[in-house]
Protein chains: 2
Amino acid sequence: MEYETSYDELMERIKEIIRAGDVTKTRTIYEEYHAVDIDEVLEDMEASELQYFLFMLDPEMVADLMENAEDDLQIRMTNFYSTKELIEIFSYMSNADVADLLGLMGTKRRKDLLNYMKKSDSNTLQMILSYDEESAGGVMTTEFLSLKQTLSVGEALLKIKEIAPTTEIIESIFITDNLHRLVGIVDLRDILVAAGFTPLSDLIQDHPFFIYADQDQEDAANLIYKYDLKYLPVVNKNMAILGIITSEDIIEVMEQEHSEDILAMSGVSKDEEYDSNFFESIKSRLPWLVINLFTAFMASAVVSMFESTISQVVALAAAMPIVTGMGGNAGNQALSIVLTSIARDEMELKEDFPLVLKEIGLGLFDGAMIGLLAGIVLYFKYYNFFLSFIIFAAMILNMIIAGIVGFLLPLLFDHFEIDPAISSPIFLTTCTDIFGFFIFLGLATTLLPKLI
Amino acid sequence: MEYETSYDELMERIKEIIRAGDVTKTRTIYEEYHAVDIDEVLEDMEASELQYFLFMLDPEMVADLMENAEDDLQIRMTNFYSTKELIEIFSYMSNADVADLLGLMGTKRRKDLLNYMKKSDSNTLQMILSYDEESAGGVMTTEFLSLKQTLSVGEALLKIKEIAPTTEIIESIFITDNLHRLVGIVDLRDILVAAGFTPLSDLIQDHPFFIYADQDQEDAANLIYKYDLKYLPVVNKNMAILGIITSEDIIEVMEQEHSEDILAMSGVSKDEEYDSNFFESIKSRLPWLVINLFTAFMASAVVSMFESTISQVVALAAAMPIVTGMGGNAGNQALSIVLTSIARDEMELKEDFPLVLKEIGLGLFDGAMIGLLAGIVLYFKYYNFFLSFIIFAAMILNMIIAGIVGFLLPLLFDHFEIDPAISSPIFLTTCTDIFGFFIFLGLATTLLPKLI
């Protein structure tokens, strides 16, 4: 990468330019640095400086910075411009980006902007806005090449030269019938080598993949990932093509979904970032900790049931967290395998239920190994064979439970369309804690005379 | 999606075709179903059936199935063919896919194949094979369009028509100087509208992004993600272009890296799949459980130190898992935020160290809230103000430690180039368990007279 990306140096230069009010140097900055990097600096600038800097740029440059900016900065930037100015800036942006931006604005401002736009633009934007932000319609790009199947190659080339500069992809041209329904694609490579009078319909290739605009963006991501697609046409109920989702769009979606999964598994709201402020972080984390506290008390209540046993054999207090902790670890192993497979759309409750038998086997085997090790160590500490036997047996049982729960829980949640990344981990540890304490201390109570 | 994807139906049909030995129907199957779906069925077929099915297909069809197959199936398929047959099949595959496949083969077979190939092909393949599988050179595609800057638009168009059918992208043409060094790109859109005699050099756009072939694939993914690129040229030390990485390639890389992160965090080897066999799963999971057992004993040893205190106030045994569990939860929250930010290349130890202050603040605040709640609940169970105070204080201290460790540990590991996803979670829970038990039971021992 040859772009300069030093944040500090760029900040320095931008501040200097603002002090000098030098329009030419502003443009130099814009040419030397990528919009993404400039935006990182602009994010941390005060309103007056930001405004001053932006006002030295062309609408096209502002559009570029706006497209690449995070939500907060986008909104701050729009506030400096009148409706008319914004519409000009928007004319350099993709419809998908403009729609995202409109979605962030207050209702009044959005309405004003849509009213003053060209009718065709506001129609497209309102169509995009009508879909959920995380649906295929919400992520799609509306800049694509679509041509009627009745054209000849020569006519098509003329159209392509005219439209191509504003489209996202040119390699594939989507071919539609008279009702805008997708009938297939034509590869630009074929158009380039075909004779001018060839009818486009002779070059049509089947393109059997599509997605409905109201389907979830994750469905689009899974199709593109599984079949290694470059793009996916987005259609409405009548099969009319509305837009396309490209593999670049999906990179964004995947990054988002994956971070959300990791955060959800740890009980953090998906909106928290590493640089979120103190109160956002509290709002993101505290509620989950309260839920966890509730489940911790449930496990603690199980221990309380056995207080008299513990008071007679205190060694149990030191050994019991080993059983619950190891159960949690084993359960998490099963859970993580299932969660990553669900995310790739590879597993389903109905089809893969029998695999639970493998998890039971693993719980039995790993539990026996770990239980044996733990039993041996405990024996050399307390010289009591029965205590060792209890941890051995409890470890096996708890790991079997851990395997079953870790395996089935995410599949069950997924089956009932509950996000397994959010809900499974906490249920899992609650189970392994409660059962772990219960089995271990229960066995100890039964064998109490042998332990004292 | 209109492709038939029913596994059972497809399996049924393929078996029937094999029974009947019907070549025409085999081709119909190939046209009706996507190679990815056919491969899923072939994976579960016996060698004799698989061979029979493959032998009814053209080399081009076999190449398509091979490109889309998982490693195991690829190797099984190659075993049915002679060196000469394989070279013909390879001619329909991309170099990157052939290189991956060669990488899976035994040394002798690989050498044979490389020897019998055209020199130009084997040179390209050996170049790709010389790079690590997870480096930019290992993922890149060598099918791209590159032209000398001295050509005219007319000459370029002729070349494009000739080469385009075999290239991965045609939208951008990479322009090189006489030493194959990348000087920029030309957009095919501009070539289409320019006059034939225009020199290509007039249309060159700056393309400042590139990656060295020996850099990690994650670096490529981060550049493509951050700057929303369609592709990234891969160059050698002399800036000669060797290949390109497209956004589709990166989808594969990201899926892989993300699954690895989630699995690593839970102590599962990255090679385990949901349908791995029993012994692979044991190999993947048991070593990690043994390490966990070791750390669990360390925490248990801390509890043992306080056995006499616990024997006098058994309520402590029931309350202590609450302190350690909540510490673990809070630490995981901080950890997951930092891990996702590191994966996106957004955080660094040196730059973001000061944010640890926020984590300390959060530990203090969330700890106080959760500690207060826990204290109140315990008060109504045991009616002992001091016990409530102890859990309140221990909760605050343990959550502060959890925040510091959960925040700093992954940054430290990343700084020393150790994968933070593998190593941080276990260190974190070890810390929150050991400190949690120590603080809680230590405070209880100090205040023992007030608790009895």
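- By the naming in an unreviewed UniProt entry, chain A is Magnesium transporter MgtE, taken from Aedoeadaptatus ivorii.
- According to UniProt, the comment filed for chain A under the heading Subunit (unreviewed entry) is "Homodimer."
- Of chain A, the UniProt comment under Sequence similarities (unreviewed entry) reads exactly: "Belongs to the SLC41A transporter family."

### Some points on the UniProt feature "domain: CBS" (unreviewed entry) in chain A
Residue and element names in this part refer to chain A.
So, step 1. Feature annotation in UniProt assigns "domain: CBS" (unreviewed entry) to the following positions: residues 140–202 and 203–260.
So, step 2. Taken as a whole, residues 140–202 contains 27% helix and 22% strand, while its terminal C-alpha atoms sit 28 Å from one another.
So, step 3. Counting secondary structure, residues 203–260 comes out at 41% helix and 22% strand; the distance between its end C-alpha atoms is 42 Å.

### Some remarks on the packing of aromatic side chains
Residues and elements named next belong to chain A.
So, step 1. On inspection of all chains with the given rule, the structure shows 26 aromatic pairs over all chains.
So, step 2. Measuring from ring centre to ring centre gives 5.4 Å for Phe-210 and Tyr-212, while their planes differ by 80°; the resulting arrangement is edge-to-face.
So, step 3. An aromatic cluster of three or more residues is present, and its members are Phe-144, Phe-174 and Tyr-231.
So, step 4. One cation-aromatic arrangement involves Lys-237 over Tyr-212; the distance from NZ or CZ to the ring centre is 4.4 Å.

### Here we look at the UniProt feature "transmembrane region" (unreviewed entry) in chain A
So, step 1. Taking the numbering used here, the UniProt-annotated feature "transmembrane region" (unreviewed entry) corresponds to residues 286–306, 313–340, 360–380, 387–413 and 425–448 of chain A.
So, step 2. Between the end C-alpha atoms of residues 387–413 of chain A the distance is 37 Å, and the span holds 100% helix and 0% strand.

### A word on the interface of chain B and chain A
So, step 1. Taken together, the contact between chain B and chain A spans 113 residues of the former and 113 residues of the latter.
So, step 2. Both faces combined, the contact of chain B with chain A buries some 10,100 Å², and carbon together with sulfur accounts for 69% of it.
So, step 3. Counting across the chain B and chain A interface gives 10 salt bridges.
So, step 4. Between A:Arg344 and B:Glu255 there is a salt bridge, and its shortest N-O distance comes to 3.4 Å.
So, step 5. The interface formed by chain B and chain A includes 45 residue pairs in polar contact (both at pLDDT 80 or more).
So, step 6. If you tally residues by element for the side of chain B that touches chain A, the top one is helix H18 (residues 315–343) of chain B, at 17 residues.
So, step 7. Partitioning the side of chain B that touches chain A into residue classes produces 65 nonpolar, 22 polar and 26 charged.

### A look at the sheet that holds strand E6 (residues 241–246) of chain A
All names here are of chain A.
So, step 1. Strand order across the open sheet formed by 3 strands is E4-E5-E6, with mixed pairing between neighbours. Two strands bound the open sheet, and with one partner strand each, they are strand E4 (211–212) and E6.
So, step 2. Relative to E6, strand E5 (residues 231–235) runs antiparallel, the two sharing 5 bridges. Its bridge partner lying in E6, Val-235 is registered against Ile-241.
So, step 3. Strands E4, E5 and E6 of the sheet are contacted by helix H14 (residues 217–226), whose axis makes an angle of about 140° with E5.

### Focus: the side chain of B:Asn222
So, step 1. Following the sequence through the fold, B:Asn222 ends up in helix H14 (residues 217–226).
So, step 2. Leaving out residues up to four positions away in the same chain, B:Asn222 has contacts with B:Ala343, B:Arg344 and B:Asp345.

### With respect to the pattern of salt bridges
So, step 1. Counted according to the given criterion, the structure contains 34 salt bridges over all chains.
So, step 2. In this structure, B:Arg27 engages B:Asp58 in a salt bridge whose closest nitrogen and oxygen atoms are separated by 3.0 Å. With B:Arg27 in helix H2 (residues 23–32) and B:Asp58 in the loop between helix H4 (47–54) and helix H5 (59–68), the pair connects residues that are 31 residues apart, well separated along the chain.
So, step 3. Here B:Arg27 falls in the partly exposed class, since its relative accessible area comes to 27%.
So, step 4. On the accessibility criterion, B:Asp58 (31% relative accessible area) is partly exposed.
So, step 5. Residue B:Glu346 is joined to B:Arg344 by a salt bridge in which the shortest nitrogen-to-oxygen separation is 3.1 Å.
So, step 6. Assessed through its relative accessible area of 30%, B:Glu346 is described here as partly exposed.
So, step 7. Each member of the salt-bridge network shares a partner with another, and the members are A:Glu168, B:Glu171, B:Asp187, B:Arg189 and B:Lys230.

### Structural notes on the packing of helix H8 (residues 95–104) of chain A against helix H10 (residues 119–129) of chain A
All names here are of chain A.
So, step 1. The contact between H8 and H10 brings their axes to 9 Å, and the two run at 65°. The crossing of H8 and H10 is right-handed. Here Asn-95, Ala-96, Val-98, Ala-99, Leu-102 and Gly-103 of H8 lie close against H10, whose contacting residues are Thr-124, Leu-125, Ile-128 and Leu-129.
So, step 2. Its residues assigned to classes, the contact of H8 with H10 comprises 7 nonpolar, 3 polar and no charged.

### Here's the deal with the nonpolar core
Considering soluble globular proteins, one finds that nonpolar side chains tend to be buried as a cluster.
So, step 1. Judged by nonpolar contacts, the single largest core of 128 residues is most densely connected at A:Ile14, A:Ile38, A:Phe90, B:Ile14, B:Ile38, B:Met66 and B:Phe90.
So, step 2. With residues up to four places along the chain from it excluded, the contact list for B:Phe90 reads B:Met66, B:Val98, B:Leu101, B:Leu102, B:Met105, B:Leu113 and B:Met117.
So, step 3. Core analysis: the second largest hydrophobic core is formed by 89 residues, A:Met399, B:Leu316, B:Leu339 and B:Leu362 among them.

### Concerning the relation of the copies chain B and chain A
Both copies of the chain are related by a screw-like operation: a rotation about an axis and a shift along it.
So, step 1. When chain B is brought onto chain A, the operation consists of a screw motion whose angular component is 180° and whose axial shift is 0.0 Å, with 0.1 Å RMSD remaining. Taken together, these values place the two copies in the relation of a two-fold axis. For chain B, the smallest separation between a C-alpha atom and the rotation axis is recorded for B:Ser311, amounting to 2.6 Å.
So, step 2. Mapped onto chain A, 100% of the interface residues of chain B are again interface residues, and the two copies thus contact each other with one and the same surface.

### A short note on the domain arrangement of chain A
Residue and element names in this part refer to chain A.
So, step 1. For chain A, the assigned domains read domain 1 (2–129), domain 2 (144–266) and domain 3 (278–450).
So, step 2. Here domain 2 and domain 3 have C-alpha centroids that lie 48 Å from each other.
So, step 3. Counting residues at the interface gives 6 residues for domain 2, matched by 8 residues for domain 3.
So, step 4. Buried area between domain 2 and domain 3, both sides added, is near 700 Å², and the carbon and sulfur share of it is 59%.
So, step 5. In this assembly, domain 2 and domain 3 are joined by 0 salt bridges.
So, step 6. Here domain 2 is connected to domain 3 by 1 residue pair in polar contact (both at pLDDT 80 or more).
So, step 7. If you list the elements that add at least two residues to the side of domain 2 that touches domain 3, you get H14 and helix H15 (247–265).
So, step 8. Here the side of domain 2 that touches domain 3 takes 3 residues from H15, the largest share from any one element.

The rules behind the values
- Residues numbered from 1 in each chain as written.
- Chains lettered and ligands numbered in written order.
- Predicted model: local features only at pLDDT ≥ 70, side-chain atom pairs only at ≥ 80, totals over all residues.
- Heavy atoms only, no water.
- UniProt positions renumbered as here; feature names shortened; annotations may be inferred.
- Helix = DSSP H or I, 4+ residues; strand = E, 2+ residues; numbered from the N terminus.
- Phe/Tyr/Trp six-rings, centres within 6.5 Å; stacked < 30°, edge-to-face > 60°.
- Lys NZ or Arg CZ within 6 Å of the ring centre and 35° of its normal.
- Contact = heavy atoms within 4.5 Å.
- Buried area = accessible area lost by both parts, 1.4 Å probe.
- Salt bridge = Lys/Arg side-chain N within 4 Å of Asp/Glu carboxyl O.
- Polar contact = N/O pair within 3.5 Å; in protein donor to acceptor, adjacent residues only side chain to side chain.
- Nonpolar A, V, L, I, M, F, W, Y, C, P; charged D, E, K, R; others polar.
- Pairing = 2+ DSSP bridges.
- Axes fitted to C-alpha atoms, helices over the stretch in contact; angles between N-to-C directions.
- Buried < 20%, exposed > 50% of the residue type's maximum accessible area, 1.4 Å probe, protein only.
- Left-handed = near helix turned anticlockwise from the far one by under 90°.
- Core = buried A, V, L, I, M, F, W, Y, C linked by side-chain atoms within 4.5 Å.
- Least-squares fit on C-alpha atoms with pLDDT ≥ 70 in both.
- Domains from an automatic or database assignment.

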